[in-house]
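An overview of the molecular structure
Here's the letter readout for the chains.
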Amino acid sequence: MDLGLKGKTALVCAASKGLGKGCAVSLAREGVEVTILARGVEALEATAAEIRAAGGTVTTLACDITTPEGREKALAACPAPDILVTNAGGPPPGDFRQWGEAEWLSALKANMLTPIELIKATIDPMIQRRFGRIINITSGAVKMPIDVLGLSNGARTGLTGFCAGLARQVAQHGVTINGLLPGPFATDRLRTNTKLAADKSGKDFDDVWNQRMMQNPSRRFGTIEEFGDACAFLASAQAGFITGQNLLMDGGHYPGTL
Ligand code: NAP
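Residues numbered from 1 in each chain as written. Predicted model: local features only at pLDDT ≥ 70, side-chain atom pairs only at ≥ 80, totals over all residues. Heavy atoms only, no water.

1. Focus: the packing of helix α6 (residues 188–201) against helix α7 (residues 205–215)
- Contact geometry of α6 with α7 gives a least axis separation of 9 Å together with a crossing angle of 115 degrees. Handedness of the crossing formed by α6 with α7: right-handed. Residue-level inspection shows Leu190, Arg191, Asn193, Thr194, Lys195, Ala197 and Ala198 of α6 in contact with α7, the latter providing Phe205, Val208, Trp209 and Arg212.
- Taken together, the residues of the contact of α6 with α7 sort by class into six nonpolar, two polar and three charged. (Axes fitted to C-alpha atoms, helices over the stretch in contact; angles between N-to-C directions. Helix = DSSP H or I, 4+ residues; strand = E, 2+ residues; numbered from the N terminus. Left-handed = near helix turned anticlockwise from the far one by under 90°. Contact = heavy atoms within 4.5 Å. Nonpolar A, V, L, I, M, F, W, Y, C, P; charged D, E, K, R; others polar.)

2. Observations concerning the packing of aromatic side chains
- A complete count under the given rule lists four aromatic pairs for this structure.
- When the centroid spacing of 5.3 Å and the interplanar angle of 80 degrees are considered together, the rings of Phe185 and Phe227 count as edge-to-face. Of the two residues, Phe185 sits in the loop between β6 (175–182) and α6 while Phe227 sits in helix α8 (residues 224–235), which places them 42 residues apart along the sequence. Taken as a pair, Phe185 and Phe227 share a single burial class, namely buried.
- Ring centres of Trp209 and Phe221 lie 4.7 Å apart, and the angle between their planes is 70 degrees; this geometry places the pair in the edge-to-face category. With a gap of twelve residues between them, Trp209 in helix α7 and Phe221 in the loop between α7 and α8 connect regions that are remote in the sequence. Like Phe221, Trp209 is buried.
- Among the aromatic side chains, those forming a connected cluster through ring pairs are Phe205, Trp209 and Phe221. (Phe/Tyr/Trp six-rings, centres within 6.5 Å; stacked < 30°, edge-to-face > 60°. Buried < 20%, exposed > 50% of the residue type's maximum accessible area, 1.4 Å probe, protein only.)

3. Things to note about empty space enclosed by the protein
- With the rule as written, the count across this model stands at two cavities of 30 Å³ or more.
- The computed volume of the largest cavity comes to approximately 90 Å³.
- As for the largest cavity, its lining consists of 13 residues, and the residues nearest its centre are Thr160, Cys163, Asn178, Gly179 and Asn246.
- Sort the elements by how many residues they give to the lining of the largest cavity and helix α5 (residues 150–170) lands first, with five residues.
- Here the lining of the largest cavity is composed, by residue class, of five nonpolar, eight polar and no charged.
- Contributing elements (two or more residues each) for the lining of the second largest cavity: α4 (101–129) and α5.
- If one sorts the elements of the lining of the second largest cavity by residue count, α4 sits on top with four residues. (1 Å grid on protein atoms, 1.4 Å probe; cavity = no way out; pocket = protein on both sides within 12 Å on 5 of 7 lines; lining within 4 Å. Points joined across faces, edges and corners; volume = space filled by probe spheres on them.)

Spelled out as structure tokens, the structure:
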């Protein structure tokens with residue numbers, strides 16, 4: 001299926017690795033000119049090389065997207081993208097009794113306010129062009145909170161609520177806003193969180209990793225390619241009537257009927 005994305009532009013945040021990378025690779029394969037960013041240069045350039053080797057067009061930008069300076073750089077490099085994929089690192093696990101204002105502000109900045117600032121800066125040109133796709137990488141925790149990830153549960157639900165309202169205001173202009181909610185995907189983030197859990201319980205990393213995998217109805221973790229292709233579909237011409245939605249990708253982990 002031709003997704004109707006050839007020649008479109010995308011700003012894909014936090015995309016040198018993991019889920020953001022999956023989105024950038026899939027969009028580039030569909031003919032989107034992608035601008036990818038992350039803090040570390042090495043992985044960023046390696047991902048760009050992969051995209052170019054596959055025939056894609058990519059610009060790289062080393063910045064911390066959770067800072068005003070980082071966002072300024074990102075928007076200078078890609079001021080009016082047709083597609084915005086928001087993403088950043090997730091907050092650390094812990095007990096809410098240990099978190100003060102600094103921890104909350106850090107999570108809110110990364111996982112709620114940064115996406116909102118980026119949306120604010122890019123949505124009006126999308127409205128004028130009568131085409132825009134905003135895809136927020138959030139978490140399955142928006143639908144089913146994860147006890148040790150209270151910072152993530154709180155910040156991402158705030159973003160989701162804000163976007164639920166905004167999506168209805170801009171739908172008439174051909175702009176859609178949707179959330180992509182990852183369950184467990186085999187990325188560095190999942191490895192780090194699994195290692196923390198293994199260390200805390202005194203168990204072997206591989207045992208915890210495999211146990212988590214076997215607890216999923218699909219008996220595996222998701223791949224970044226699957227995630228990226230879902231992102232490309234939400235960005236597609238065909239997905240123009242899908243907005244204000246939150247697509248859970250978790251291998252069936254969420255147990256509800258709806
Ligand atoms: P990952 O594999 O660790 O990749 C994170 C990417 O984001 C890297 O490219 C990293 O590069 C970049 N990044 C992190 N902080 C950044 C910042 N401040 N500015 C710019 N780039 C930044 O993580 P992932 O698994 O893809 O996770 C992506 C998001 O999805 C996270 O918020 C995570 O919490 C959430 N999530 C993941 C899962 C999962 O199972 N993987 C499940 C639920 C939710 P640099 O470090 O070089 O900046």
